[in-house]
Amino acid sequence: MSEESHGSHAGRPSSWIAVTVIFIGFVVGGVGLCLGPMWIMFWVGAGIVVLGMLVSWAVHLFSDVVVDAPRVIPEIVDYSLFGSHSDKRRGGDAGEVLDVPVATDTQQAPHG
């Protein structure tokens, strides 16, 4: 039986179990530091974090990603209050010449 992510930002249940184990480890370790510090409790928390990392590796946590549709980025960005063209516009008066948004492929330009 194979679990797949279907474009939801929620992630798979197995991924959430791994994240929960890691979170519990951080809480146990943090409480151990605040109570003294109680080094045994801190190292138990660190061990739980390591266990959670092993669980995340076993459930392929980092393959649980969401691939969004390509973003549409406007080529003309006008920062003036009333929308008039000004030197504050990206590129200045001789800047972009396109009046329509251009769709960019996130694989080719991942940061837009």
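Residues numbered from 1 in each chain as written. Predicted model: local features only at pLDDT ≥ 70, side-chain atom pairs only at ≥ 80, totals over all residues. Heavy atoms only, no water.

A.B. asks: What exactly am I supposed to notice about the overall build of the chain here?
C.D. replies: Helix and strand counts for the chain come out as 2 helices and 2 strands. When each of the 112 residues of the chain is scored for burial, the buried share is 19%. Counted over contacts in the chain with a minimum sequence separation of 6, partners at least 24 positions apart contribute 52%. For the chain, the exposed surface amounts to about 8,600 Å²; the carbon and sulfur share of it is 69%. (Helix = DSSP H or I, 4+ residues; strand = E, 2+ residues; numbered from the N terminus. Buried < 20%, exposed > 50% of the residue type's maximum accessible area, 1.4 Å probe, protein only. Contact = heavy atoms within 4.5 Å. Areas by Shrake-Rupley, 256 points an atom, 1.4 Å probe, with all protein chains shown as cover.)

A.B. asks: Explanation requested: the UniProt feature "transmembrane region" (unreviewed entry) in the chain in the structure shown.
C.D. replies: The UniProt feature table records "transmembrane region" (unreviewed entry) at residues 15-35 and 42-62. The annotated region residues 15-35 carries 95% helix and 0% strand content, and the separation between its end C-alpha atoms amounts to 31 Å. Strand forms 0% of residues 42-62 and helix 81%; the C-alpha atoms that close the span are 26 Å apart. (UniProt positions renumbered as here; feature names shortened; annotations may be inferred.)

A.B. asks: Help me understand the environment of valine 21, please; the structure alone is not making it clear to me.
C.D. replies: Its location among the elements puts valine 21 in helix H1 (residues 13-34). Sequence-wise, valine 21 and valine 50 are 29 residues apart; in three dimensions their C-alpha atoms are separated by 9.3 Å. In this view, valine 21 contacts Ile48, Leu51 and Gly52; residues no more than four positions away in its chain are not counted.

A.B. asks: For this particular structure, what's the right way to read the packing of aromatic side chains?
C.D. replies: Aromatic ring pairs: the centre-centre distance and the angle between the two ring planes describe each pair. A complete count under the given rule lists 2 aromatic pairs for this structure. Consider the rings of tryptophan 39 and phenylalanine 42, whose centres lie 5.7 Å apart with planes at 85°: the pair is edge-to-face. Of the two residues, tryptophan 39 and phenylalanine 42 both sit in helix H2 (residues 39-58), 3 residues apart, roughly one turn of that helix. Judged by relative accessible area, tryptophan 39 falls into the partly exposed class, the value being 49%. Both rings, one in phenylalanine 42 and one in tryptophan 43, keep their centres 4.9 Å apart while their planes meet at 75°; by these two values the pair is edge-to-face. Grouping aromatic residues by their ring pairs yields a cluster made of Trp39, Phe42 and Trp43. (Phe/Tyr/Trp six-rings, centres within 6.5 Å; stacked < 30°, edge-to-face > 60°.)

A.B. asks: Would you explain unusual backbone geometry in this entry?
C.D. replies: The general pattern is negative phi for most residues beyond glycine and trans for most peptide bonds. For the bond running from glycine 36 to proline 37, omega is 10°, close enough to zero to count as cis. Its location among the elements puts proline 37 in the loop between H1 and H2. Its identity as a non-glycine residue notwithstanding, histidine 60 has a phi of 55°, on the positive side. Positionally, histidine 60 belongs in the loop between H2 and strand E1 (72-73).

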